[in-house]
Amino acid sequence: MPMDLQAGRRSCGVDGAAAAARRVIGALVRAGDISGADMADIADRLNAVADDLEAQAPPLRDRLVNMWRGDGNTRHDPATGPENPIAPPLAYVGRPDGSIESTVTLDLPYQGPPSSVHGGVSALMLDHTLGVANGWAGTSGMTAELTLRYHHLTPLFEPLTVTARQVSVDGRKIRTTGAISANGRPCVTAEGLFIAKYPPRPR
Ligand SMILES: CC(C)(COP(=O)(O)OP(=O)(O)OC[C@H]1O[C@@H](n2cnc3c(N)ncnc32)[C@H](O)[C@@H]1OP(=O)(O)O)[C@@H](O)C(=O)NCCC(=O)NCCSC(=O)Cc1ccccc1
């Protein structure tokens, strides 16, 4: 059975709270110190939310076990995770050629050069997308090498296409390629070597 590329997105629960936190992060970076907002009051209110969450947090070990139950795309990772506010989040579809694809528009929290995506954020998205493409193809592994070429600045504020496809499996060595494109033009391309290895899940 194909893996769930959608990471089991939900319309309520922690996904909704994570989406709200993502909005807050974007709004804070947009505001900076030149908005009319009372930042001391905002800090107090955000700290009150964090106090509430921390007071009711499960033991770390329980949460780790909970995060790693089931199969398929994870829900907590920093690239696709619907329950992780720092994830853009990417959402993939499978294509007939065996590749996967996500369309995402990034805003100011992911900025590197002016109005452009930070190179490390591109690396995060490509590492993860290549990893998921391996799972989608049926043989996954851990990143051993990731070679990136930054051809053009990757724009913020407009749709980006993030793609990846498994190219070959030779014993434990898996080779995978991918790209981030804007308006059909590749901005960043990636080649990865993955090694089939599966760290034990927390139990
Ligand atoms: C697993 C491995 C990479 C390899 O260790 P072992 O199992 O002990 O491998 P072993 O030494 O037995 O060699 C086997 C064969 O492989 C070869 N080879 C090995 N390495 C290299 C190399 N660098 N370069 C070239 N070749 C290399 C080696 O020569 C040998 O070849 P041979 O058979 O003689 O022809 C280990 O170093 C490690 O855990 N590193 C940390 C990985 C990590 O943290 N990654 C980031 C987190 S994952 C993520 O975020 C992405 C993701 C997202 C979503 C979903 C999924 C993924």
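Calculation notes
Residues numbered from 1 in each chain as written. Predicted model: local features only at pLDDT ≥ 70, side-chain atom pairs only at ≥ 80, totals over all residues. Heavy atoms only, no water. Core = buried A, V, L, I, M, F, W, Y, C linked by side-chain atoms within 4.5 Å. Buried < 20%, exposed > 50% of the residue type's maximum accessible area, 1.4 Å probe, protein only. Helix = DSSP H or I, 4+ residues; strand = E, 2+ residues; numbered from the N terminus. Contact = heavy atoms within 4.5 Å. Expected span 1.5 Å × (residues − 1). Polar contact = N/O pair within 3.5 Å; in protein donor to acceptor, adjacent residues only side chain to side chain.

Enquirer: What is the right way to look at the nonpolar core in this model?
Expert: Grouped burial of nonpolar side chains is what soluble globular proteins tend to show. Membership of the largest hydrophobic core comes to 26 residues, with the highest contact counts inside it found for Val104, Leu106, Met125, Leu126, Leu160, Val162 and Ile180. Among the elements of the structure, strand S2 (100-104), helix H4 (119-137), strand S4 (160-170), strand S5 (173-182) and strand S6 (185-195) are those that each provide at least two residues to this core. Per element, the largest residue contribution to this core is six residues, and it comes from H4. Not counting chain neighbours up to four residues away, the residues in contact with Leu126 comprise Leu148, Val162, Thr163, Gly178, Ala179, Ile180, Val188 and Ala190.

Enquirer: Quick question: what am I supposed to make of helix H2 (residues 39-55) here?
Expert: Given 3.6 residues per helical turn, the α-helix brings residues three or four places apart onto the same face. The terminal C-alpha atoms of H2, which comprises 17 residues, lie 24 Å apart, in line with the 24 Å expected from a rise of 1.5 Å per residue. The backbone nitrogen of Ala40 lies 3.2 Å from a side-chain oxygen of the residue at the head of H2, namely Asp38.

Enquirer: Would you take a moment to explain unusual backbone geometry for this structure?
Expert: In this chain, Pro88 is followed by Pro89 through a cis amide linkage whose omega measures -10°. With respect to the helices and strands, the residue Pro89 is situated in the loop between helix H3 (60-67) and strand S1 (92-94). One non-glycine residue, Ser115, lies in positive phi territory at about 55°. Structurally, Ser115 can be placed in the loop between S2 and H4. Residue classification places Ser115 among the partly exposed positions, given a relative accessible area of 40%. In this structure, Asn183 takes a positive phi of about 55° despite not being glycine. You can see Asn183 is positioned in the loop between S5 and S6.

Limitation: the analysis is restricted to geometry and does not speak to function.
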